[in-house]
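# Structure at a glance
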Amino acid sequence: MGNSFYRDTWAEIDLDAIYSNVKSMKNHIGENTQLIAVVKANAYGHGDAEVAKTALEAGAEMLAVAFLDEAVVLREAGFEVPILVMGASRPADVKIAIDQRIILTAPSLEWLTEAEKNIQKGILSVHLKIDTGMGRLGVRTEDELLQAFKFAEEKPNVKIEGIFTHFATADELDTAYFNKQYDVFAAMAQKAADYDGVMIHCGNSATGLRFPEKLVHAVRLGISMYGLSPSMEIKPELPYELKEAFSLHSRLVHVKKISKGDKVSYGATYTAEKDEWIGTIPIGYADGWVRRLKESEVLIDGERMPIVGRICMDQCMIKLTSFKETGTKVTLIGRQKEECISVDEVAERLETINYEVPCTITLRVPRMFLKNKSIIEVRNSLFCGVKNLTDRP
Ligand SMILES: *Cc1c(COP(=O)(O)O)cnc(C)c1O
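Overview of the structure. Fair warning: this is a prediction, and the values are worked out from it, not measured in the lab.

To continue, consider the overall build of the protein chain. On a plain count of helices and strands, the protein chain comes out with eleven helices and 21 strands. In summary, the protein chain has a C-alpha radius of gyration of 24 Å against a globular reference of 21 Å for 393 residues, a match within 12%. Seen through its principal axes, the protein chain has C-alpha atoms that stretch 80 × 60 × 40 Å. Here the protein chain holds 393 residues, and 53% of them are scored as buried. Sequence separation of 24 or more characterises 66% of the internal contacts of the protein chain that already satisfy a separation of 6 or more.

A word on helix H3 (residues 48-57). Among all positions in H3, only Asp48, Glu50, Val51, Ala52, Thr54 and Ala55 are buried. Trailing H3 by a residue or two, Gly59 shows a phi angle of about 115 degrees, which is positive.

Attention now goes to helix H7 (residues 142-154). Over its 13 residues, H7 extends 18 Å from the first C-alpha to the last, a length consistent with the 18 Å expected when each residue adds 1.5 Å. If you check which residues of H7 are buried, you get Leu145, Ala148, Phe149, Phe151 and Ala152. Mapping the buried residues of H7 onto a view down its axis gives an arc of 155 degrees, with all of them on the same face. Those residues of H7 that are exposed and angled more than 90 degrees off the buried face are Asp143, Glu153 and Glu154.

The subject of this paragraph is the site of the ligand. Lining the immediate surroundings of the ligand are Val38, Lys40, Tyr44, Met86, Arg136, His166, Asn204, Ser205, Arg220, Gly222, Ile223 and Tyr355. Within the backbone of Gly222, a nitrogen or oxygen atom sits 3.0 Å from an oxygen atom of the ligand. Isolated, the ligand exposes 390 Å² of accessible area, and the fraction of that covered by the protein chains is 93%. Of the residues assigned to the shell around the ligand, the class counts are five nonpolar, four polar and three charged.

A few words now on the packing of aromatic side chains. Inspection of the entire model under this criterion finds nine aromatic pairs. When the centroid spacing of 5.8 Å and the interplanar angle of 55 degrees are considered together, the rings of Tyr6 and Phe383 count as tilted. Of this pair, Tyr6 sits in the segment before strand S1 (9-14) while Phe383 sits in the segment after strand S21 (374-379); the two residues are 377 residues apart in sequence, bridging distant segments of the chain. Of the residues examined, Phe383 reaches a relative accessible area of 15% and is grouped as buried. For the ring pair Phe167 and Tyr182, a centre distance of 6.4 Å and an interplane angle of 35 degrees mean the geometry is tilted. Here Phe167 is found in the loop between strand S7 (158-164) and helix H8 (176-192), whereas its partner Tyr182 is found in helix H8, with 15 residues between them in sequence. Each member of the pair Phe167 and Tyr182 is classed as buried. What links up through ring pairs into an aromatic cluster is the set Phe167, Phe178, Tyr182 and Phe211. Here Lys214 stacks its cationic end above the ring of Tyr182, 5.2 Å away from the centre of that ring.

Here the focus is the packing of helix H1 (residues 15-29) against H3. Interaxial distance between H1 and H3 falls to 8 Å at its minimum, and their mutual angle equals 45 degrees. Here H3 runs oblique to H1, going by the angle between their axes. For the pair H1 and H3, the crossing hand works out as right-handed. When H1 is examined against H3, the residues Leu15, Ile18, Tyr19 and Val22 are found in contact with a partner set consisting of Glu50, Val51, Thr54, Ala55 and Glu57. Looking at the contact of H1 with H3 residue by residue, the class counts come to six nonpolar, one polar and two charged.

With respect to the helices, strands and loops of the structure, Glu276 is situated in strand S14 (residues 276-281). In this structure Glu276 comes out as buried when scored by relative accessible area, which is 4%. Polar side-chain contacts of Glu276 include one of 2.7 Å to the side chain of Tyr270. Discounting chain neighbours no more than four positions away, the residues touching Glu276 are Lys256, Lys257, Ile258, Tyr270 and Lys319.

Counted under the stated rule, the structure contains 27 salt bridges. Taking the shortest distance from any N to any O, the salt bridge between Glu345 and Arg304 comes out at 2.9 Å. Here Arg304 lies in strand S16 (residues 303-308) and Glu345 lies in helix H10 (residues 343-349), a separation of 41 residues in the sequence. Relative accessible area serves as the criterion here: at 25%, Arg304 is assigned to the partly exposed category. By sharing partners, the salt bridges in this structure join Glu297, Arg304, Glu339, Glu345 and Arg349 into a single network.

Our next topic: the nonpolar core. Ranked by size, the top nonpolar core spans 114 residues in total, and within it Leu104, Ile163, Met225, Leu248 and Trp289 carry the most contacts. Residues lining this core come from more than one domain, with at least three contributed by each of domain 1 (15-226) and domain 2 (246-387). With residues up to four places along the chain from it excluded, the contact list for Met225 reads Ile18, Asn21, Val22, Ala37, Val38, Val39, Val51 and Ala55. By size, the runner-up hydrophobic cluster in this structure holds eight residues, among which are Val264, Val308, Cys312 and Met317.

Definitions and limits used
Position labels on residues start from 1 in each chain and follow its written sequence. In keeping with the predicted nature of the model, local features appear solely for residues at pLDDT of at least 70, side-chain atom pairs appear and are counted solely at 80 or more, and the whole-chain, interface and lining totals rest on all residues. Remark: hydrogens and water are excluded; side-chain values derive from all non-hydrogen atoms of the structure. In this description a helix means any DSSP run of H or I spanning at least four residues, a strand means any run of E spanning at least two, and both kinds are numbered starting from the N terminus. C-alpha atoms define the radius of gyration, and 2.2 Å times the number of residues to the power 0.38 defines the globule rule. With a 1.4 Å probe rolled over the protein chains alone, any residue whose accessible area is under 20% of its type maximum counts as buried; one over 50% counts as exposed, and the rest are partly exposed. Pairs of residues are marked as contacts when any of their non-hydrogen atoms sit within 4.5 Å. What a helix should span is 1.5 Å times the count of its residues minus one. Directions are taken from the helix axis to each C-beta atom, and the arc is the one they span. Here a residue is near a molecule or strand as soon as one of its heavy atoms is found within 4 Å of it. Here a polar contact means two N or O atoms within 3.5 Å. Within protein one must be a hydrogen donor candidate and the other an acceptor candidate, and residues neighboring in sequence count only if both atoms are side-chain atoms. Using a 1.4 Å probe, the Shrake-Rupley method yields the accessible areas, and only the shown protein chains count as cover for residues. Ten residue types, Ala, Val, Leu, Ile, Met, Phe, Trp, Tyr, Cys and Pro, are classed as nonpolar, four, Asp, Glu, Lys and Arg, as charged, and the remainder, Gly among them, as polar. In summary, the pairing rule links any two rings of Phe, Tyr or Trp, Trp by its six-membered ring, whose centres are within 6.5 Å, and it sorts them by plane angle into stacked for under 30 degrees, edge-to-face for over 60 and tilted for everything else. Throughout this description, the term charge over a ring refers to an Arg CZ or Lys NZ atom that lies within 6 Å of the ring centre and within 35 degrees of the ring normal. Between N-to-C directions, angles span 0 to 180 degrees; the directions come from axes that are lines fitted to C-alpha atoms, helices contributing only their stretch in contact. If an angle is under 35 degrees, it is roughly parallel; if it is over 145, roughly antiparallel; if it lies from 65 to 115, roughly perpendicular; otherwise it is oblique. Take the far helix as your reference; a near helix turned counterclockwise from it by less than a right angle gives a left-handed crossing, and one turned clockwise gives a right-handed crossing. Counted as salt bridges are all cases of a side-chain nitrogen of Lys or Arg within 4 Å of a carboxyl oxygen of Asp or Glu. By nonpolar core we mean a set of buried residues, namely Ala, Val, Leu, Ile, Met, Phe, Trp, Tyr and Cys, connected to one another through side-chain atoms within 4.5 Å. An automatic or database domain assignment supplies the residue ranges for each domain.

Encoded structure:
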C-alpha cells in the first residue's frame with residue numbers, strides 16, 4: 001500500500017542528483033577522506049533509506065543521523081554500514097545501540113559514566129563530541145577529553161572510536177570564528193591521536209566544500225548532498241556544481257472563472273480586480289506549504305502564477321493567466337521549461353534557510369524517487385502499516 005496515493009500532490013526526489021553530489025564531494029576531498037552521508041530528519045525530508053542507498057552506491061562509507069530512533073529505522077531497513085547518532089541519546093538506551101551496532105555520541109564524561117553503568121553485555125562504541133565553540137554538545141577542555149579516554153581505557157566495554165566537533169560559522173565568508181574553533185579542535189585532536197584507530201572528523205558540507213584539507217578523516221555531508229548551498233553567501237564560490245534533488249508538485253483539481261469583486265479563501269482577503277480564472281490545488285499548511293507562502297508563485301506550463309488568498313490546511317488557490325484544464329500539473333518547487341522555483345527562492349520568501357524547506361514538507365506528501373528520469377519507487381508514509389485497504393470491512 002505504501003507505494004500508492006490518491007491525492008495529486010507529491011515530492012520528487014532525483015536520486016541521480018544525490019548520486020552526483022556525493023561523487024562530486026568524493027572527488028573534491030580525495031580518496032583518503034571518508035564520506036559520512038547525513039540522513040537525519042528523513043534525509044532532510046527527502047527519504048532516508050532511498051538517499052542512504054544512493055549515497056552508499058556513490059561511495060559514502062558511513063551514515064549519520066541525529067537520533068537513535070532514526071538509526072534503528074535504517075538498521076531495520078537492512079543497512080549494515082556504520083551508523084553514527086550525532087545527537088544525545090539516553091544512557092539507559094545503550095543496550096539498543098549495542099544490539100544494533102549503532103555508534104552513539106558521548107557528549108560528556110558524565111554521560112559516558114552513566115552509559116557504562118547501563119551496559120549489560122557487548123561493547124558500546126562512541127564518538128566523543130568536542131564543543132569548540134558551537135555551545136551545543138561536547139567536552140570543552142583537554143582535561144575532560146583525556147579523562148574520557150582514560151575512562152574508556154579502563155572499561156573494556158566502552159570504546160571511543162572517534163572524536164568530532166561541529167563548526168558554527170563554516171558557511172560564512174568571514175573565517176575568524178571558524179579558525180578559532182579549528183585551532184581548539186586541532187589541539188584536542190592531537191591528544192586523541194595518541195590513541196590508535198580514532199576517527200577524527202570536524203566538517204559539515206560547508207567545511208568540506210571550502211576547506212577539504214581541514215577535514216582530517218571524514219566529512220559529514222548533509223545539505224550539499226541534497227544539492228543545496230550551505231548558505232547564500234558562499235553560493236557564488238562553490239567549487240563544483242550542486243544538483244538540487246527535491247521538487248514539489250500538485251495538480252489543478254478545480255478551475256473556475258470568478259467575476260470582478262469576487263473573493264477567495266478564508267478572511268475573504270483577496271478580491272478579483274476583473275474576471276479571473278482561479279485554480280485550486282490540494283496542498284496546504286498541513287503539508288508544510290505554510291500560510292506565510294501566500295502570494296508566492298507556482299509554475300504552470302512553464303509560467304509563473306501567484307497564489308491568491310490565504311493558504312488553507314489542505315488547499316490553496318492560484319490566479320491563472322488563462323484557462324487551464326483540471327489535472328494540469330503545478331510545480332511549487334522545481335523546474336518547468338525555462339522557469340525554475342528553487343528551494344532557495346522559497347526559503348527567501350519564508351525568511352529562513354534552505355535546510356528548513358524540504359524538512360518542513362510533511363509526511364502527508366508522498367515521495368517519488370526518480371532514476372534516469374523514471375520513477376523507481378513511491379513512498380507514501382500515510383499508508384505505512386496499511387496492508388490492503390480493500391480487505392477492510
Ligand atoms: C546536521 C549535521 C551535519 C550536516 O551539516 P550540513 O550543513 O547539512 O552538511 C554535520 N554534523 C552535525 C553534527 C550535524 O548535526
